[in-house]
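# Coordinate inspection notes
Next come the chains, spelled out residue by residue.
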Amino acid sequence: MDILAALGVLVLVYVAFTVSASAGLGGSLVMVPTLALFLGSKEGVALAALLLAANNVFKIGAYRQTLPFRKAIPIIVLIMAGAALGSTILVRAPEVVVTVGVISMFVASVIAERFDLSKLRAGFAPLLAFVSGASSGFSGTSGPLKGVAIRNLDLDRRHFVGAASLASFAGDATKTAIFAEAQLLSGTSLLVSGAALPLMALGTWTGSTVNEKAGERSFAVLFWTVMAGYTVRLGIFLA
């Protein structure tokens, strides 16, 4: 990766951290296609999991006063179980299958956005959580499923991001452990991780500031804008 390409990757990684800290999720929206493009599908998904897991530590710190442990625990457990299953499948699958899986998840995200998923009953949240974890483990992204699952907990914007940070950390940490054991991360990945570390703090501060200043209506717009962004990402991958 040349210097200009590396700088471009780091800029997009910062954008991913900022989006994630402001909306609670959506970091993979930018990060997975960016890293998959430069490192390949498998290593890109693995590095995205590592970076997002580390970034969620910063987010948990920033939202430490609004972490709804009791409400989020069932979803966290199911996301971890799904992530373990999905990432184990990724490790054993050929690169081309993983690439198809990534693109297929983008297609599923677009289709899901055509339905009013916000009206799903809260009882569907556990199922959505498990499926989101499994799809994230295999393709690097859960699409809108995790967001809708957490949205069904009826939390205000600060507690929503707190819950999303807890859930995302659990899922990404689970994936990272499996990917590390499978030795999917190269020296280049570790260099990118080191360079991205200060961007985590900066992106978390930026996103948290945006979230704090936004009203509930503005946050709802931000949330669904992130969800709609999966459509744009699909177009980029298919171009």
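Check the entry above for the structure.
Quick summary incoming for the structure in this document. If you're wondering where the values come from, they're calculated on a predicted model, not measured in any experiment.

## Let's talk about the overall build of the chain
In terms of regular secondary structure, the chain is built from 10 helices and 0 strands. Order of helices (α) and strands (β) in the chain, N terminus to C terminus: α-α-α-α-α-α-α-α-α-α. Across the chain, every contact between residues at least 6 apart in sequence was considered, and the portion connecting residues at least 24 apart equals 86%.

## Remarks on unusual backbone geometry
In this structure, Gln-183 takes a positive phi of about 60° despite not being glycine. Judged by its relative accessible area of 68%, Gln-183 falls in the exposed class.

## A word on a nonpolar patch on the surface
On the surface, a cluster of nonpolar side chains totalling about 320 Å² of accessible area is made up of Val-57, Phe-58, Phe-169 and Leu-197. Structurally, Phe-169 is set in helix α8 (residues 157–181).

## A closer look at α8
Over its 25 residues, α8 runs 36 Å from end to end, which matches the ideal 36 Å to within 8%, given 1.5 Å per residue. A large share of α8 lies buried, amounting to 18 of its 25 residues. Looking at where α8 begins, the residue whose side-chain oxygen comes 3.0 Å from the main-chain nitrogen of Arg-158 is Asp-156. One or two steps after α8, the chain reaches Gln-183, where phi turns positive at roughly 60°.

## Comments concerning the packing of helix α1 (residues 3–23) against helix α2 (residues 27–39)
Their axes nearest at 7 Å, the elements α1 and α2 cross at an angle of 160°. Between α1 and α2, the angle is such that the two are roughly antiparallel. In this structure, α1 crosses over α2, and the sense of that crossing is left-handed. Where α1 abuts α2, its residues Ala-5, Val-9, Leu-12, Val-13, Val-15, Ala-16, Phe-17 and Ser-20 lie against Gly-27, Val-30, Met-31, Thr-34, Leu-35 and Phe-38. Here the residues of the contact of α1 with α2 are counted per class, giving 11 nonpolar, 3 polar and no charged.

## Section: the environment of Leu-67
Along the chain, Leu-67 turns up in the loop between α3 (41–62) and α4 (69–92). For the pair formed by Leu-67 and Ala-164, sequence separation is 97 residues and the distance between their alpha carbons is 9.1 Å. Not counting residues up to four positions away in its chain, the partners in contact with Leu-67 are Ile-60, Gly-162 and Leu-166.

## Notes on the packing of α4 against α8
Running from N to C, α4 and α8 cross one another at 25°; their axes reach a closest spacing of 8 Å. Taken together, the axis directions place α4 and α8 in an arrangement best described as roughly parallel. Along this stretch, α4 crosses α8, giving a crossing that reads as right-handed. Counted together, Phe-69, Ala-72, Ile-76, Ile-79, Met-80, Ala-83, Ala-84, Ser-87, Thr-88, Leu-90 and Val-91 of α4 and Ala-163, Leu-166, Ala-167, Ala-170, Gly-171, Thr-174, Lys-175, Ile-178 and Phe-179 of α8 form the full contact between these two elements. Of the residues that constitute the contact of α4 with α8, the class distribution is 15 nonpolar, 4 polar and 1 charged.

## Side note on α4
With 24 residues, α4 should reach 34 Å at 1.5 Å per residue; the first-to-last C-alpha distance of 33 Å fits that figure. The sharpest bend along α4 measures roughly 25° and falls at Ile-75. Burial in α4 covers these residues: Ala-72, Ile-75, Ile-76, Ile-79, Gly-82, Ala-83, Gly-86, Ser-87 and Leu-90.

## Let's talk about the pattern of salt bridges
Tallying each qualifying case throughout the model produces 1 salt bridge. In this structure, Lys-175 and Asp-172 form a salt bridge, with 3.2 Å as the shortest nitrogen-oxygen distance. With a gap of 3 residues between them, Lys-175 and Asp-172 both fall in helix α8, about one helical turn apart. Each member of the pair, Lys-175 together with Asp-172, is buried.

Here is what the cut-offs are and how they apply
- Sequence order as written defines the numbering, with residues in each chain counted from 1.
- Local features in a predicted model are, by the rule used here, given only for residues with pLDDT of at least 70; side-chain atom pairs are given and counted only at 80 or more, and totals for whole chains, interfaces and linings are based on all residues.
- The side-chain figures draw on all heavy atoms in the structure; neither hydrogens nor water molecules are used.
- By definition, any uninterrupted DSSP run of H or I lasting at least four residues is a helix, any uninterrupted run of E lasting at least two residues is a strand, and each is numbered from the N terminus.
- Contacts are residue-level and defined by heavy atoms, with any inter-residue pair within 4.5 Å sufficient.
- We call a residue buried when its accessible area falls under 20% of the maximum for its residue type, exposed when it is over 50%, and partly exposed in between, using a 1.4 Å probe and counting protein chains only.
- A patch consists of residues whose relative accessible area exceeds 30% and which take part in no salt bridge; residues with like charges are grouped when within 9 Å of each other, and nonpolar side chains (Val, Leu, Ile, Met, Phe, Trp, Tyr) when within 5 Å.
- Note that accessible areas follow from Shrake-Rupley with a 1.4 Å probe, and for residues the cover is restricted to the protein chains shown.
- Salt bridge, as applied in this entry: a Lys or Arg side-chain nitrogen positioned within 4 Å of an Asp or Glu carboxyl oxygen.
- Here, expected helix span is obtained from the residue count minus one, scaled by 1.5 Å.
- Any N or O atom pair separated by 3.5 Å or less is treated as a polar contact, with the protein-specific requirement of one donor-capable and one acceptor-capable atom, and with residues adjacent in sequence counted only for side-chain atom pairs.
- Geometry is summarised by axes, namely lines fitted to C-alpha atoms with helices restricted to the contacting stretch, and by angles between N-to-C directions that run from 0 to 180 degrees.
- These descriptions rest on fixed angle ranges, namely under 35 degrees for roughly parallel, over 145 for roughly antiparallel, 65 to 115 for roughly perpendicular, and the rest for oblique.
- Crossings are assigned a handedness: left-handed for a near helix turned anticlockwise from the far helix by less than a right angle, right-handed for a clockwise turn.
- Under the grouping applied here, Gly and all other residues not named as nonpolar or charged are polar, the nonpolar ones being Ala, Val, Leu, Ile, Met, Phe, Trp, Tyr, Cys and Pro and the charged ones Asp, Glu, Lys and Arg.
- The bend reported for a residue corresponds to the angle between axes fitted to the seven residues ending at that residue and the seven starting there.

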